[in-house]
Amino acid sequence: MAKTTQRIPKKLKKPHVVGPIIVFLLLAGITTGIMFALFSMLGLYTTTSKITEEYERLSYMARLYEQGGGQSNAESVYKLLDEAERDYIILDKDGKVLHQTGENTSGNDGNMAPLFSGNGEVMLYEDTVSDYVHVTLDGEVEIPYFRLFRMVLRNHYDTEIVGEDISISVSNESTDENGKAIEEVRDGENGMEVYFYSSGEDGELANVRFSDMDSFSFFLPVWMEIPVGEQFLRAKVYVIINLGDFAMLSVTVVALATLLVIIFIVLIVYLIVGVTRRKRILKLYITDQSTESYNWQGYLLKGEQLLRKGSSARKSFAAVNLVFINYRNYCMCHSVEEGDAVTDKIMEVLRSYMGKREILAHSAPADYSMVLTGEDPDHMKMRLTSIILQLEKIDPDHVFHFQAGVDMIPVRKNKNDKPVKRKEFNLEEAYNNACTARDTMSDNDGSGVAIFDEKLVEDRIWADKVQEKQQQALFNEEFEVYYQPKYDPVTNKLKGAEALIRWQSPDYGFVSPGRIIPIFEKNGFITEIDHYMITHVARDQKRWLERGFTCVPVSVNVSRAHFIESDLAEQIRDMVDEVGTPHELVEIELTESAFFDDKNAIIKTINKLKSYGFTVSMDDFGSGYSSLNSLKDMPLDVLKLDAEFFRGEDAGERGEIVVKEAIRLAKSLNMRTVAEGVEVKEQVDFLAEQGCDMIQGYYFAKPMPKLDYEERMKKNQEEQS
Ligand code: C2E
Ligand code: CA
Ligand code: CA
């Protein structure tokens, strides 16, 4: 089966997820890039701006070293340098350590790239051991080594604050016997000095500096290197990062992070709004507003979803098209609102019949589309028949008609005869088949349910071919009138004839009416055929009269579709008058089912036809519908007993009783009788005995071309004279 067509418009189908995610990733990338750029710029700024003071100190040390004679006067120079109280090293030009005071954490293994290189004059190296002290905003000091520290406070310090408000977090061991952490706070050379205990070696001091105790700062230890002649002096210095720098950094980080979060939230909101909107639109798209059930789109979408499910693989289904035949008429005679109310009732009934895995949709005003479960066509037919029976009784004041077409959807099987999932399924195709089955249902199918099969496809193709050719065939007079004589069973005399159509098609050869009349009835061309037949019969009769034949009435079939026209009697009269044929030579045959439509209109037409001098007969009496009841109201001249009476099961004793009674009934209603389809002598004798007026059947003659019928007339005339 072919792939399904697209059911949901593209816009509804694709949730817009990929686009926004790409945009988000792009924005996130750009923001992160900007963040890095800002950070490195800030880093450079801080290092260069914060390092100046320390650089001056180191330059001073370098000068001392140079002036003191450097290596040549080593011991006294180192003493001088040691007074600066710094960790430092002297390196030769190959990076070899010539002297070291304090701990060398400059990572001097020759592989380390400088953090910063100031025009070859100053180099900054990362301190590989982070023994600096962090001071966080609430003033806690985190001490990496438990030693007694000396804190040097400079600038705007406040003794009180230093001593009391700043809590210095040290472990129990680092407090004195009174539980005090801070031992002493005093003015130092470079600022406030705070001594406190730590669990290091007794009395050892560590040097920690705060640039401003009011604000927040932290110390970043780095190693700074300055060339001294052929050698290098590298010393540990501290880059102080204060609140301002930190605030700038944090503001930037927070701003960028906020930006990212906002973008993210916007994206999420956009996606959620998009998804809910899509859901809402999709719901509208598949919902029938009048019944709140699925509409046509919903039927296809949900139906296909159901059929494609893995759990549906083992089940057989059926696509069903149910049509409320007289919906339009009902709306026209009442109102659309009342039509809607009936629709609601119908939906209610249908819903009560729906099983778990079944789909019901109101796909068009008069159309109900379903996907039902079930594998047996007969069972499906029974189920739908009972639904239709229930629906036909839905309104006690009206008789409604429903028809259903079904296309069975069997289980799909693989080579090993195992059920497989219907990965692709075109429900529209199946539904179309169901509609075709319903469309081509014969009018006298009492059940109102038709199951699709391949023969229907052939029928459909044939119907299309016929429809394509019909107009031209009429224009070219390809339709031929055959005459089937009617004889008196007692005297064996020709009493009449029936005109029957034949199609001599240049493409399809000789075509019998059974293959074209139902198609013409469906596509409306039957009215033109009826005109054609009446006109041709009238012309033939006229010519025969002119040639001196003793003409008998010829009956013409008038389709029930034609009978709805209120001026049908006038049309027939005018057609016959145009040719100039006496009205008594033309008889009009109505099929029995015609009497079901609008009784009053039909009675009117019959009366008019009779008043114009035409004979009117009821065709196929006894077939399909039972119309005994309508007989009493119809002022008909002739009753044609259906051929079925003389064929098959009906032909027995019981059949004879019915025929006998029918003839008696007709006589009491002042009607003549014609028995159709009589093929054997016994039947003729029986009918003669019962007082049947005429026999039209193969026993006397088959329908024959015009010339053969002329022969029959001649013969009849000769016998009479
Ligand atoms: P119908 O009006 O009941 O016509 C009688 C049919 O029974 C004719 O079939 C005829 O050939 C057949 N028949 C007559 N006697 C016997 C018999 O002894 N044995 C058997 N087996 N059949 C017999 P036909 O000509 O094939 O027509 C079929 C139907 O097509 C007609 O049934 C009529 O309903 C329709 N039809 C034919 N011509 C026209 C037409 O010009 N206009 C309309 N509206 N319908 C037509
Ligand atoms: Ca007929
Ligand atoms: Ca008939």
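Coordinates for the structure precede this section.
**Q** I keep staring at the overall build of the protein and nothing clicks. Help me out?
**A** Secondary structure summary: the protein contains 20 helices and 30 strands in total. In the protein, which comprises 721 residues, the proportion classed as buried is 44%.

**Q** Please explain the environment of V320 as it appears in this structure.
**A** Here V320 is to be found in strand β15 (residues 317-324). Setting aside chain neighbours within four positions, we find V320 in contact with Y299, Y368, S369, M370, L372, L384, A404, G405, V406, Y431 and A434.

**Q** Any chance you could explain a negative patch on the surface here in plain terms?
**A** The grouping of E337, E338, D340, D344 and E348 at the surface amounts to a negative patch. Residue position: D344 is located in helix α8 (residues 336-353).

**Q** What is the right way to read the site of ligand 1 from this model?
**A** The full set close to ligand 1 counts 22 residues, and Q484, E498, R502, E679 and Y698 are the nearest of them. A total of 790 Å² of accessible area belongs to ligand 1 in isolation, and the protein chains cover 81% of it. Put simply, the parts of the chain that give the shell around ligand 1 at least two residues each are β23 (494-505), α13 (526-546) and β27 (615-621). When grouped by side-chain class, the residues that make up the shell around ligand 1 number 9 nonpolar, 5 polar and 8 charged.

**Q** Which parts of the structure should I look at to understand the coordination of the calcium ion (ligand 2)?
**A** Perfect tetrahedral coordination of a metal by four donors corresponds to 109.5 degrees between them, and perfect octahedral coordination by six donors corresponds to 90 or 180 degrees. The calcium ion (ligand 2) binds to the protein through E498 (OE), N557 (OD1), E589 (OE) and D619 (OD); the donor distances cover 2.2 to 2.3 Å. Within one chain, the residues serving as donors to the calcium ion (ligand 2) are arranged as E-x58-N-x31-E-x29-D. The metal-metal distance between the calcium ion (ligand 2) and the calcium ion (ligand 3) is 3.8 Å, with D619 coordinating both. With a gap of 30 residues between them, E589 in strand β26 (residues 586-591) and D619 in strand β27 connect regions that are remote in the sequence. D619 carries the same exposure label as E589, and that label is buried.

**Q** Quick question: what am I supposed to make of unusual backbone geometry here?
**A** A negative phi angle is the norm for most residues apart from glycine, just as the trans form is the norm for most peptide bonds. With a phi close to 60°, N492 is a non-glycine residue in the positive phi region. On the secondary structure map, N492 appears in the loop between β22 (479-487) and β23. The phi torsion at N670 lies on the positive side, around 70°, for a residue other than glycine. You can see N670 is positioned in the loop between α18 (653-668) and β29 (672-676).

**Q** Could you clarify how one ought to interpret the coordination of the calcium ion (ligand 3) in this entry?
**A** Donor atoms from the polypeptide that coordinate the calcium ion (ligand 3) comprise D619 (OD), D620 (OD), E676 (OE) and E676 (OE), at 2.2 to 2.5 Å from the metal. We note that the donor set of the calcium ion (ligand 3) lies within a single chain, spaced as D-D-x55-E. Taking the relative accessible area as the measure of exposure, D619 reaches 5% and is therefore buried. What makes E676 buried here is its relative accessible area of 11%.

**Q** Looking at this structure, I do not really get the environment of F324. What am I missing?
**A** Within the fold, F324 resides in strand β15. Residues F324 and I388, spaced 64 residues apart in sequence, show a C-alpha to C-alpha distance of 9.6 Å. In this structure F324 touches V342, I346, A366, Y368, F400, H401 and F402, once residues within four positions along its chain are discounted.

**Q** Explain helix α10 (residues 427-439) here, please?
**A** In an α-helix, one turn spans 3.6 residues, which is why side chains three or four residues apart end up on the same side. The end-to-end C-alpha separation of α10 is 18 Å, in line with the 18 Å expected for 13 residues at 1.5 Å each. Within α10, the full set of buried residues consists of L427, A430, Y431, A434, C435, T436, A437 and R438. Two or three places before E428, at the opening of α10, N426 has a side-chain oxygen 3.1 Å from that residue's backbone nitrogen.

The rules behind the values
- Residues numbered from 1 in each chain as written.
- Chains lettered and ligands numbered in written order.
- Predicted model: local features only at pLDDT ≥ 70, side-chain atom pairs only at ≥ 80, totals over all residues.
- Heavy atoms only, no water.
- Helix = DSSP H or I, 4+ residues; strand = E, 2+ residues; numbered from the N terminus.
- Buried < 20%, exposed > 50% of the residue type's maximum accessible area, 1.4 Å probe, protein only.
- Contact = heavy atoms within 4.5 Å.
- Patch = residues over 30% accessible without salt bridge, like charges linked within 9 Å, V, L, I, M, F, W, Y side chains within 5 Å.
- Areas by Shrake-Rupley, 256 points an atom, 1.4 Å probe, with all protein chains shown as cover.
- Salt bridge = Lys/Arg side-chain N within 4 Å of Asp/Glu carboxyl O.
- Lys, Arg positive; Asp, Glu negative; His and termini not counted.
- Charge placed at Lys NZ, Arg CZ, Asp CG, Glu CD.
- Near = heavy atom within 4 Å.
- Nonpolar A, V, L, I, M, F, W, Y, C, P; charged D, E, K, R; others polar.
- Donors = N, O, S within 2.8 Å, 3.2 Å for Na, K, Ca; no water.
- Expected span 1.5 Å × (residues − 1).
- Polar contact = N/O pair within 3.5 Å; in protein donor to acceptor, adjacent residues only side chain to side chain.

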